[in-house]
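# Fold and geometry: a report
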Amino acid sequence: MARTPDFKRASIEAKRARANLPKLPPFDPEAVAEDKGIEVVYASFAAPHDREISGFYHKADNKIVVNRDISTGRMVFTIAHELGHALMHQEYIESQNYQPVYRSNHHEGEKPIEEVEADQFAANFLVPLDLLEKYRDVADIGELARMFAVSEDVIENRLATLHRNPWLAKS
Ligand SMILES: [Zn+2]
């Protein structure tokens, strides 16, 4: 039977990865990557990749390469996503199935489960639900996005998750 995405593991690994950071947002995935010996590089991608790819993990050089022409929120999410792969998916990173982070969701239907898990890792790392629950009544989506240094769609997704599973903020 095919494996299904392990959301619990992604959440536990994200919490562990944040352990040495300051306890208040924004949470900096680049600091954690550098701490683990992974260099984060901002680069101009050649066409057509500049419009298609947000970033990727370069296994041989142990580098996360980020498209410098995307928004800060997208950069931060991309770094957190690739950090998730580095911590959870060493085998996958070296496989033929590995995918970069795409700028649009047109590949959504055929995403390997590792991609779903890395997205979950990034969402949990950047926007912990216990903190989101604390701030959601006193800040609007724009303010929350700035507070957590993510794009507004990440906040909207996390608010939807919190709404569906309020118990997750207690775990
Ligand atoms: Zn990925």
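Residues numbered from 1 in each chain as written. Predicted model: local features only at pLDDT ≥ 70, side-chain atom pairs only at ≥ 80, totals over all residues. Heavy atoms only, no water.

Turning our eyes to something else, we now look at the coordination of the zinc ion. Taken together, His81 (NE2), His85 (NE2), Glu115 (OE) and Glu115 (OE) make up the protein donors of the zinc ion, found 1.9 to 2.7 Å from the metal. Counting along the primary sequence, the residues that act as donors to the zinc ion give the motif H-x3-H-x29-E. Pair noted here: His81 is in helix α4 (residues 72-88) and Glu115 is in helix α6 (residues 113-126), with a separation of 34 residues, a long-range link. Given the relative accessible area of 3%, His81 is considered buried. For Glu115, a relative accessible area of 2% gives the class buried. (Donors = N, O, S within 2.8 Å, 3.2 Å for Na, K, Ca; no water. Helix = DSSP H or I, 4+ residues; strand = E, 2+ residues; numbered from the N terminus. Buried < 20%, exposed > 50% of the residue type's maximum accessible area, 1.4 Å probe, protein only.)

Take the packing of helix α8 (residues 141-148) against helix α9 (residues 152-164) next. Axis separation between α8 and α9 bottoms out at 8 Å; the angle between their running directions is 105°. Classified by the angle their axes make, α8 and α9 are roughly perpendicular. Contacts between α8 and α9 pair Ile141, Gly142, Leu144, Ala145 and Phe148 from the former with Glu152, Ile155, Glu156 and Leu159 from the latter. Grouping the amino acids of the contact of α8 with α9 by side-chain chemistry returns six nonpolar, one polar and two charged. (Axes fitted to C-alpha atoms, helices over the stretch in contact; angles between N-to-C directions. Parallel < 35°, antiparallel > 145°, perpendicular 65-115°, else oblique. Contact = heavy atoms within 4.5 Å. Nonpolar A, V, L, I, M, F, W, Y, C, P; charged D, E, K, R; others polar.)

Right, let's talk about the confidence of the model for the chain for a bit. Confidence along the chain averages 93 in pLDDT terms, with 95% of residues attaining 70 or more. Here helix α3 (residues 49-52) stands out as the element of the chain with the lowest mean pLDDT, 90, in contrast to strand β1 (residues 39-43), whose mean of 98 is the highest. (pLDDT = per-residue confidence, 0-100.)

It is worth spelling out the packing of α4 against α6 at this point. In the contact formed by α4 and α6, the axes pass within 8 Å of each other and the chain directions differ by 120°. When the axes of α4 and α6 are compared, the pair comes out oblique. The handedness of the crossing between α4 and α6 comes out as right-handed. Between α4, through Val76, Phe77, Ala80, His81, Leu83, Gly84, His85, Leu87 and Met88, and α6, the contact on the second element is made entirely by Glu114, Glu115, Glu117, Ala118, Asp119, Phe121, Ala122, Ala123, Phe125 and Leu126. (Left-handed = near helix turned anticlockwise from the far one by under 90°.)

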